[in-house]
Amino acid sequence: MAQEERELQVRALDGRSTAVTLAAAASVRDLKAALRGSFPPAQISNSFHLLLKGAKLRLEAEIGNLVTGNGEFIVLVPFSRKSAQPSPVAMPAEEPSVNPPISQEVATGANSAWQDIMDDLSSIPNSPNADDASKDLYSSSIPCSGSYAEDGSTGKSPSTGCSRKRRKLCKENGNGSSDTPGVDGASKQPSMNKKSSFVRSAASSCHDKHPLGPAEMVEHLKKGLGKEGQIVHIEEIPCRRASYSELPRDLSEVMRKALESIGISRLYSHQSEAIQSSISGKHVAVATSTSSGKSLCYNIPVLESLSQDLMACALYIFPTKALAQDQLRTIVEMKKAFHTDINVSIYDGDTPREDRLWIRDNARLLITNPDMLHVSLLPCHSQFQRILSNLRYIVIDEAHSYKGVFGCHTALILRRLKRICSNIYGCHPTFTFCTATSANPREHVMELAKLDNVKLIQNDGSPCGSKYFLLWNPPLHMKKEGGSQGSLVTRRSSPIVEVSYLFSEMVQHGLRCIAFCKTRKLCELVLSYTREILEETGKELVDSICVYRAGYIAEDRRKIEADLFEGKLLGVAATNALELGIDVGHIDATLHLGFPGSVASLWQQAGRSGRRAKQSLAIYVAFEGPLDQYSMKSPDKLFGKPIEHCQVDSHNPKVLGQHIACAAYEHPICLQYDENHFGSTLDSIMTTLKDKGFLVNNRSGPFSSTMWNYIGPEKNPSQIISIRAIEHDKYKVIDKLNNRLLEEIEESKAFFQVYEGAIYMHQGVNYLVEEFDLSSRTAFCRKVDVKYYTKTRDYTDINVLGGDFAYLPACKTNHLKTTAQANSCKVSTKWFDFHRICKSSSKILDTVELRLPPYSYDSEAVWIRIPRSVKIAVAERKLEFRGGSHAASHALLNILPLHMMCSASDLGTECVNPHETRGMPERILLYDKHPGGIGLATLKSFLGNFCLLL
Ligand SMILES: Nc1ncnc2c1ncn2[C@@H]1O[C@H](COP(=O)(O)OP(=O)(O)OP(=O)(O)O)[C@@H](O)[C@H]1O
């Protein structure tokens, strides 16, 4: 380069960068002209400022006089020109500027804003060509996905420098292979069997396999794995002694024998109280800890009643099919002692068609779920006449599952059930609810089933061992980012690696363990890394761990549950699919990779260990995100925070309308009798349904003006009302070698995981997708041994489609104070290409074009236009408006789980696409990431929190 020339690095806010060489005597004005000629971000937004270290560059400033340190760059910040109505403090446009004097306060703000921008831009991986870097804007790997924890790359590859250094364990792959994305198809072996890309242990790794108890493990971790200060807090939850009471005197002899046969000679005090209340006809809510013997609280009264009255029937409702299977096993065991055979059957989507008639005719204890009640049992209630006319008990276990939108649907399904029972079959069953994690169990279940009186039982008489609850923050390390010229930044070690080491420690020392991870991909990564660690530290244990997640086919899941129960497996990496009470035998320890979305969920998961009064251990490992770091810094807030309230909004007009149409289909609605079930808005909702052509008001007879019949276009309206927003369109993943179905992936998630050339993980093993047939929705893959993973680059656009003010009429006082709106929206994702990324170095090896159709779905969004006054204030302080509002959206997304029951991954926020030509509104927006929306954005509690947090 000639001496009088200077090369300057310029980056746009979306990460695209370019180098411009100019004469040292040239001015910033010349630099801008050069950028307009060659740099797309400067071409798209013709008006832009150039900032260096937070200060706007004067147009006349000489390039040769600009002081740029090593790795520092100029930032291109687009702005909109002033509107016709000048604002006294609007950001100046292209004026020949002289930097105004900056107050100390503003300078500090600008410095910190600058630092944020630098951090953001520095964290965008350097790419061999500038255009690649620009496309990272669309990638789900950037924070805009709202799910920094989603995958390995953002959670950092396990063999990144810091983890290698930290434990002196990791070294590069020893087989001398290059970074070229080669596929060793010939080996047909999972990568585990060869020296692969991940950690290799050294003497400092724990090779010991001495059995340890939970308390001993805590000491062991303090001296070993956790000696870099990762353990930031230990909460010791003391043990609790059992409080027993004798079996009630009036319990039948046959019941005593049944209890004896399963090893029960005394009842815990809460069991006794619940059973007495239930037998005396009271509705009961049992709200005691996990594994406190809640099942007996309903099984005893129900089986007593069914054995004494040969016509009596009962209905058990569980939120999942797995729980229904689990409960069936327990009851079958118990009722072996009974002389009379009480038929107990499951009636759910998996029940073979040919068995259904027999079950309807013979079952006395029917185990089902809300979905089956909704689509089958209620619309065809006459087929269940025998059961419904003799229904003594309705049992609703895991009642805390029925919250939010699913809770709202279930509440209305229960109203439909009660209405059919009372209005047609003259039957008024007694309800029993069980829950371990709800702050408002009585209030919640009363609303759920519209009951006036429920007896709450929460004096827990079960014993419980002490629990050590550790907060584990991955250690900080200095790391160079941004290539050879990059700067040193402080980053935490990968929490995925930390959890993997902890998982292997548990298994090595004989502690049966569940490692809870928020996503399926995290489960696979944790399994894969843990197996690699165990290859070094305890080879014979490699196959004693596996993944458990909902996407697996039912047969595989049942096998894992059984293997865990029988002790063939020592640990599983699981999603929240294992959170609810499926009995998988004794578990000693739980690991929690990131905050699961609610305190209730954290305790529910931690409650899976230490069952049967044994000592146990739980370790919460933090991500680098603000929510986890908040928990690490404020353990008192985490442990002192009450579990969340379960909220059910059975008055939501949209959901109410849907269920009233279903109810009218099941039996004509009569205002006089049915207002009692559906509330005072029934009349107006029926009128609306009539106007839409769903109901007709029959005026032919004397009382007919009050009878409403269903006449809608659907034969059975319940068929088109989804109560859980479950996706029915799924992609199959098939192992070509044996034609085995590995997994079914929901349509909305499929293209992130499977496409031609994708590396798909299943039980920690890598598969290459060789064929991807869109028409049959099938991905054909085969096992490979590769040293890279794949990651798509995509962009998601949110198009809001008009709508109502967010505040509901009940909040009228706030109505005028906010412009927040809750609207339908269209979410559209486009895929551009995918990267192949080296596992050992995290380097992008190459980029492959993707030809996938865009995927769109309707959902719901809640958003607020940023007031002009805020924009003016931001401009006054010379802060960056777009970047700031985007950061605010992410901040909101991250803290919402502290205020309501949802996970940050349930929601997304928008990120402006620089190639978008339409004007982007200045707003803060969150949208529901579930196709169709699970109604999060329109929940009263959500709206309240959204507006409060803003
Ligand atoms: N009175 C009792 N004496 C001894 N053991 C008992 C007693 N009651 C229940 N148990 C045992 O406690 C274990 C846990 O019982 P159960 O599964 O009913 O608990 P739970 O509260 O329903 O659990 P979850 O919260 O996971 O749903 C079972 O093995 C059961 O046999």
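As a reminder, the structure under discussion sits directly above these lines.
Bear in mind the structure is a predicted one, so any value in this text is a computation, not a measurement.

1. Some remarks on the overall build of the chain
Logical step 1: A count of helical and extended segments in the chain gives 29 helices and 37 strands.
Logical step 2: Going through the 950 residues of the chain one by one, you find that 56% of them count as buried.
Logical step 3: Intrachain contacts of the chain at a sequence separation of at least 6 include 72% that bridge at least 24 residues.
Logical step 4: When the accessible surface of the chain is summed, it comes to about 39,900 Å², and 52% of that surface belongs to carbon and sulfur atoms.

2. Details of helix α23 (residues 671-678)
Structural remark: α-helix, 3.6 residues per turn; residues separated by three or four positions point the same way.
Logical step 1: Here α23 has its buried residues at Asp 674, His 677 and Phe 678. Buried residues along α23 cover an arc of 75° about the axis, so they all sit on one side. When the buried face of α23 is taken as reference, the exposed residues oriented beyond 90 degrees from it are Gln 672 and Asn 676.
Logical step 2: Elements that come into contact with the buried residues of α23 comprise α14 (404-424), α22 (653-666), β24 (669-670) and α24 (682-691).

3. Some remarks on the sheet that holds strand β1 (residues 5-12)
Logical step 1: Spatially, the five strands line up as an open sheet ordered β2-β1-β5-β3-β4, and their pairing is mixed. Unpaired on one side and paired on the other, β2 (17-23) and β4 (55-56) mark the two borders of the sheet.
Logical step 2: Strand direction decides the pairing type here: strand β3 (residues 48-52) and strand β5 (residues 74-78), joined by four bridges, are antiparallel. Bridging across to β5, Leu 50 finds its partner in Leu 76.
Logical step 3: Strands β1, β2, β3 and β5 of the sheet are contacted by helix α1 (residues 28-38), whose axis makes an angle of about 120° with β3.

4. Digging into the sheet that holds strand β12 (residues 365-368)
Logical step 1: In spatial order, the strands read β11-β12-β10-β13-β14-β9-β15; together these seven strands make up an open sheet with parallel pairing. Strand pairing shows two members of the sheet lacking a second neighbour, β11 (344-346) and β15 (455-457), which therefore form its edges. Ignoring strand direction, the axes of neighbouring strands in this sheet form an average angle of 15°.
Logical step 2: Relative to β12, strand β10 (residues 313-317) runs parallel, the two being bridged by four bridges. Along β12, the bridge assignment pairs Ile 317 with Thr 368.

5. Re the pairing of strand β16 (residues 467-472)
On any regular strand, side chains alternate: one points to one face of the sheet, the next to the other face.
Logical step 1: Along β16, six of the six residues are buried, which leaves the element largely enclosed by surrounding structure.
Logical step 2: Neither face of β16 is exposed, since Lys 467, Phe 469 and Leu 471 on one face and Tyr 468, Leu 470 and Trp 472 on the opposite face are all buried.
Logical step 3: Note: strand β6 (residues 231-237) against β16, six bridges, orientation antiparallel. Of the residues in β16, the one forming a bridge with His 233 is Leu 471.

6. Description of helix α11 (residues 353-362)
Logical step 1: Along α11, the positions that sit buried rather than exposed are Arg 356, Ile 359 and Arg 360. One side of α11 holds all its buried residues, which, seen down the axis, span an arc of 100°. Projecting away from the buried face of α11 at angles above 90 degrees are the exposed residues Glu 354 and Leu 357.

7. Focus on the packing of helix α12 (residues 370-377) against α14
The relative placement of two packed helices is expressed as an angle between their axes plus a distance between the axes.
Logical step 1: At a closest axis distance of 10 Å, the pairing of α12 and α14 adopts a crossing angle of 50°. With respect to each other, α12 and α14 are oriented oblique. Between α12 and α14 lies a crossing whose hand is left-handed. Packed against α12, whose contacting residues are Pro 370, Leu 373 and His 374, the element α14 presents Phe 406, Thr 410, Ile 413, Arg 416 and Leu 417 at the interface.

8. Quick look at the environment of Val 232
Logical step 1: The topology assignment puts Val 232 in strand β6.
Logical step 2: Residue classification places Val 232 among the partly exposed residues on the basis of a relative accessible area of 38%.
Logical step 3: Here the alpha-carbon distance between Val 232 and Pro 474, two residues 242 residues apart in the chain, equals 9.8 Å.
Logical step 4: With residues near it in sequence (within four places) discarded, Val 232 still touches Leu 471, Asn 473 and Met 632.

What counts as what
Residues numbered from 1 in each chain as written. Predicted model: local features only at pLDDT ≥ 70, side-chain atom pairs only at ≥ 80, totals over all residues. Heavy atoms only, no water. Helix = DSSP H or I, 4+ residues; strand = E, 2+ residues; numbered from the N terminus. Buried < 20%, exposed > 50% of the residue type's maximum accessible area, 1.4 Å probe, protein only. Contact = heavy atoms within 4.5 Å. Areas by Shrake-Rupley, 256 points an atom, 1.4 Å probe, with all protein chains shown as cover. Arc of directions from axis to C-beta. Pairing = 2+ DSSP bridges. Axes fitted to C-alpha atoms, helices over the stretch in contact; angles between N-to-C directions. Parallel < 35°, antiparallel > 145°, perpendicular 65-115°, else oblique. Left-handed = near helix turned anticlockwise from the far one by under 90°.

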